[in-house]
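# Tertiary structure, described
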Amino acid sequence: MANRKLIRQHMKITGRVQGVGFRYRARYAASNLGVTGWVKNEWDGSVALEAQGTIDQIDQMLKLINQSPYIQITWIDRKEVEISTCDTDFHIR
């Protein structure tokens, strides 16, 4: 049975993640899966992402992002954070 508990995770994602369409792919995947949150490029070449949904939805979103031949995720630092009632969609910051 799929896990239906709503969670929110803050992630720092490293690898080949800037200049390869990562943020737009993340927004597309999140929107299709019903995940809310945001994504933005960081000064150090990583991407920061906050995603809210079930763990299955968030994991599926990351799989869809990583299917791009241009994106290469080498590390994800994931931390659970407080659920937000402010996000109604997934946006690029």
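Residues numbered from 1 in each chain as written. Predicted model: local features only at pLDDT ≥ 70, side-chain atom pairs only at ≥ 80, totals over all residues. Heavy atoms only, no water.

Where an unreviewed UniProt entry is consulted, the protein appears under the name Acylphosphatase, with the organism given as Frisingicoccus caecimuris. As recorded by UniProt, the Catalytic activity (unreviewed entry) comment attached to the protein reads in full: "an acyl phosphate + H2O = a carboxylate + phosphate + H(+)". You can read under Sequence similarities (unreviewed entry) in the UniProt record for the protein the words "Belongs to the acylphosphatase family." (UniProt positions renumbered as here; feature names shortened; annotations may be inferred.)

Moving on, we get to the side chain of Arg8. Examined against the element boundaries, Arg8 turns out to sit in strand β1 (residues 7-16). Within polar-contact distance, the side chain of Arg8 engages the side chain of Gln52 at 2.9 Å. Among the polar contacts made by the side chain of Arg8, one reaches the side chain of Asp87 at a distance of 2.6 Å. Those residues in contact with Arg8 that lie beyond four places of it in its chain are Gly37, Trp38, Glu50, Ala51, Gln52, Lys79, Glu80, Val81, Glu82, Ile83, Ser84 and Asp87. (Helix = DSSP H or I, 4+ residues; strand = E, 2+ residues; numbered from the N terminus. Polar contact = N/O pair within 3.5 Å; in protein donor to acceptor, adjacent residues only side chain to side chain. Contact = heavy atoms within 4.5 Å.)

A sheet is described by the order of its strands in space; here five strands give the open sequence β4-β1-β3-β2-β5, paired in mixed fashion. The sheet is open, and its two edges are formed by β4 (72-81) and β5 (90-92), each paired on a single side. In this sheet, neighbouring strand axes are inclined to one another by 20° on average, regardless of whether the strands run parallel or antiparallel. In the packing of helix α1 (residues 22-33) onto the sheet, the strands contacted are β1, β2 (36-41), β3 (47-53), β4 and β5, and the crossing angle to β5 comes to about 170°. In the packing of helix α2 (residues 55-66) onto the sheet, the strands contacted are β1, β3, β4 and β5, and the crossing angle to β3 comes to about 140°. (Pairing = 2+ DSSP bridges. Axes fitted to C-alpha atoms, helices over the stretch in contact; angles between N-to-C directions.)

It is the contact of α1 with α2, at a shortest axis distance of 9 Å, that shows an interaxial angle of 140°. Taken together, the axes of α1 and α2 are oblique relative to one another. Judged by the twist between their axes, the crossing of α1 over α2 is right-handed. Residues Phe22, Arg25, Ala26, Ala29, Ala30 and Leu33 of α1 touch α2, and the partners they reach there are Gln57, Gln60, Met61, Leu64 and Ile65. Classifying every residue of the contact of α1 with α2 by side-chain character gives eight nonpolar, two polar and one charged. (Parallel < 35°, antiparallel > 145°, perpendicular 65-115°, else oblique. Left-handed = near helix turned anticlockwise from the far one by under 90°. Nonpolar A, V, L, I, M, F, W, Y, C, P; charged D, E, K, R; others polar.)

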